[in-house]
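Analysis of the macromolecular model
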Amino acid sequence: MTPRHGRLAVLLTGVAVAAIGSFVLARLELGNLRSAFETDARIVHRLLSQRTAQHEAVMAMLTLLQSGNRAQKPEQRIPSVYPQILAVQQRSDDETWPDAALRTAEEESSRSRRAAMTGVNFATGRYQLVQAAIPASYAVQIDLRNMVPWEEWPMSRETSPVRVMLEYKGEQFVLQPGHAGSGWWQFDFRKRLAAESQPFDVVAMLKVGWTDLPWIKMLGWTLLTAAALAALLALERQRAERRRAEELLRLGQVARLNTLGELAAGIAHELNQPLTAVLANTQAAGRLLDDDPPELGTARAAMQRAAEQARRASDVVGRLRRVVERPDIAGQLQPVSLEAAVRNALYLLEPELRRLEVKPELGSTTTTILAEPVALEQIIHNLLSNALQALAQVPAGTRTLQIDVHAGAGKGELTVRDSGPGIAADVLPRLFEPFFTTRDGGLGLGLSLCESLAVGMGGTLTAANHAPRGAAFTLQLPLAPAA
Ligand code: ADP
């Protein structure tokens, strides 16, 4: 997975986590709202049921009271005890009800042996209960508005969004208005009151809209996810930087092995021993010859040892030269993708490319060549570094870096073209000479090593200028035989 794909994957995962988390939070909140609504509705139902049961009890009590002292008319005190009961009427055996509805209700009451309801008027908020009894029947008028025990009501009547109504025969009496507005979700509650004599339905309804969702929590969760994501990306970027630094160090180490300093140190180390021995032996031989008489045999042996050591020193120099001139990499060739090697080198140079505002393009072809991977990487890295050094010398707007890879005639070819100052005519023939440089602090070993490596792998490295301006370096290496 490339770093860009990695970042995209992390980003998509983050978006998914934020979305799923927010969804779960919203569902939880809706669940909470629903259970709070249902609890409130059940409490409302219980309170109103208690009241209607109380009405039945009052009616029963009235019929029991009539055997006592009628002169006091105890039923007339009922409204002061039960504020919802507005008036109590009595019909003795010798009287008739003022309206027919009461009469019908009384008949029903005597049939069912419990109170009967009549005169339900939701406009005025009143209804009547009639209880048939002997010697007198009773009718009470009940005020729905006063029937609700507001002090025990589970919601704030004015501000609660829940709408509560009593429903009877399709008509509704609103006890609590709630918020009528449009909502995406609606919770409903409907249950008949417990007292059979007053068959009202308690209907409660709550509409929940977008604004009721836990936006703060959802936002918090999203921010949290974003922060975690940013941390993850930062970590990933840090890791990539470290990997790049390590790779650069590795390339640098390979390069440094071939630099003058390392070479000199190696030579010094290898030559020091034999040269010291040569010195010691010739000094000893000199002293032996000065003796009287001179010790010719021993002196000759010392000179022989000195000559042996001198030969050893010469071998060291010869070996070193062979290593430098013809790196033995021909035996380590393997199929490698030229494009992949270029991409890897570009990745390592990304900070530098960004700094110089250079955006090289590379096609999506795959050209498989035979090469030693580290040597190939080294060459490409050197060519690109040189190109960037050249580009740093020209104004930002004029910098272009063109990379072409193609296959043809048994060779894979990579061309790196920059729009830098180009190569002076007198410099061009000397470019691949060891220690040739025009840069302050340059060693002049880069291109010479690259050429040696290219030749060592059976390829070539050439340089040219190109129009309108800039240098072009072309690396050719044998194509890998098709599998
Ligand atoms: P160094 O980079 O240490 O000078 P090199 O062998 O890499 O050694 O390069 C040798 C010389 O070749 C450079 O000093 C520079 O003059 C020249 N050169 C290399 N690449 C380019 C390029 N892309 N454009 C112009 N000159 C270049």
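Quick note: structure is the one above.
Below: a short report on this structure. (Residues numbered from 1 in each chain as written. Predicted model: local features only at pLDDT ≥ 70, side-chain atom pairs only at ≥ 80, totals over all residues. Heavy atoms only, no water.)

1. Some thoughts on the pattern of salt bridges
Test applied: By salt bridge we mean one thing: a side-chain nitrogen of Lys or Arg within 4 Å of a carboxyl oxygen of Asp or Glu. Strands are runs of DSSP state E lasting at least 2 residues, helices are runs of H or I lasting at least 4, and numbering of each runs from the N terminus. Each residue is placed in one exposure class: buried if its accessible area under a 1.4 Å probe, protein chains only, is under 20% of its type's maximum, exposed if it is over 50%, and partly exposed if it falls in between.
What the rule picks out here adds up to 13 salt bridges. Residue Glu196 pairs with Arg114 through a salt bridge whose shortest N-O separation is 3.9 Å. Highlighted residues: Glu196 in the loop between strand S7 (185-192) and strand S8 (201-208) and Arg114 in the loop between helix H3 (100-112) and strand S2 (116-121), separated in sequence by 82 residues. The exposure class assigned to Arg114 is partly exposed, which follows from its relative accessible area of 29%. For Arg239, the salt bridge goes to Glu236, with nearest N and O atoms at 3.1 Å. Placement of both Arg239 and Glu236 in helix H5 (residues 215-257) is noted, with a separation of three residues, approximately one turn of the helix. The network of salt bridges with shared partners includes Glu167, Arg190, Arg192 and Asp201.

2. Some details on a nonpolar patch on the surface
This is how it is decided: For patch detection, residues must exceed 30% relative accessible area and be free of salt bridges, and they are connected within 9 Å for like charges or within 5 Å for nonpolar side chains (Val, Leu, Ile, Met, Phe, Trp, Tyr). Computed with the Shrake-Rupley method and a 1.4 Å probe, the accessible areas treat only the protein chains shown as cover for residues.
Residues Ile20, Phe23, Val24 and Leu28 make up a contiguous nonpolar surface patch of roughly 410 Å² in combined accessible area. Among the secondary structure elements, Phe23 is positioned in helix H1 (residues 3-65).

3. Re the pairing of strand S6 (residues 171-176)
Here is the rule: A pair of strands is considered paired only if DSSP assigns at least 2 bridges between the two.
Of the strand pairs in this sheet, strand S5 (residues 163-168) and S6 are connected by five bridges, and their pairing is antiparallel. For Leu166, the partnering residue across the bridge sits in S6 and is Phe173. Once S5 ends, the chain turns through two residues before running back antiparallel as S6, passing Lys169 with a positive phi of about 50°.

4. A short note on the side chain of Gln176
Formally: Residues adjacent in sequence count toward polar contacts only when both atoms are side-chain atoms; beyond that, a polar contact is any pair of N or O atoms within 3.5 Å, and within protein one must be able to donate a hydrogen and the other to accept it. What makes two residues a contact is simply this: any of their non-hydrogen atoms within 4.5 Å.
Structurally, the position occupied by Gln176 is in strand S6. A relative accessible area of 0% places Gln176 in the buried class. Engagement of the side chain of Gln176 in a polar contact is seen with the side chain of Trp153, the distance being 2.7 Å. Apart from residues lying up to four places away in sequence, Gln176 is in contact with Trp153, Met155, Ser156, Arg157, Ser160, Val162, Arg163 and Val164.

5. Structural notes on the side chain of Ser448
Among the secondary structure elements, Ser448 is positioned in helix H11 (residues 446-456). Since its relative accessible area comes to 10%, Ser448 is described here as buried. If we ignore the near neighbours within four places in the chain, the residues touching Ser448 are Phe432, Glu433 and Pro434.

6. Things to note about the sheet that holds strand S11 (residues 401-408)
What counts, and what does not: Geometry is summarised by axes, namely lines fitted to C-alpha atoms with helices restricted to the contacting stretch, and by angles between N-to-C directions that run from 0 to 180 degrees.
In space, the four strands of this open sheet follow the order S11-S12-S14-S13, with antiparallel pairing throughout. The open sheet has two edge strands, S11 and strand S13 (460-465), and neither has a second partner. In this sheet, adjacent strand axes meet at a mean angle of 15° when their direction is disregarded. Pairing analysis gives seven bridges linking strand S12 (residues 411-418) to strand S14 (residues 471-478), with the strands arranged antiparallel. Note that in S14 the partner of Arg417 across the bridge is Ala472. Packed on one face of the sheet, helix H10 (residues 373-391) meets S11, S12, S13 and S14 and runs near 20° to S12. Set on the sheet, H11 makes contact with S13 and S14; between it and S13 the angle comes to about 135°.

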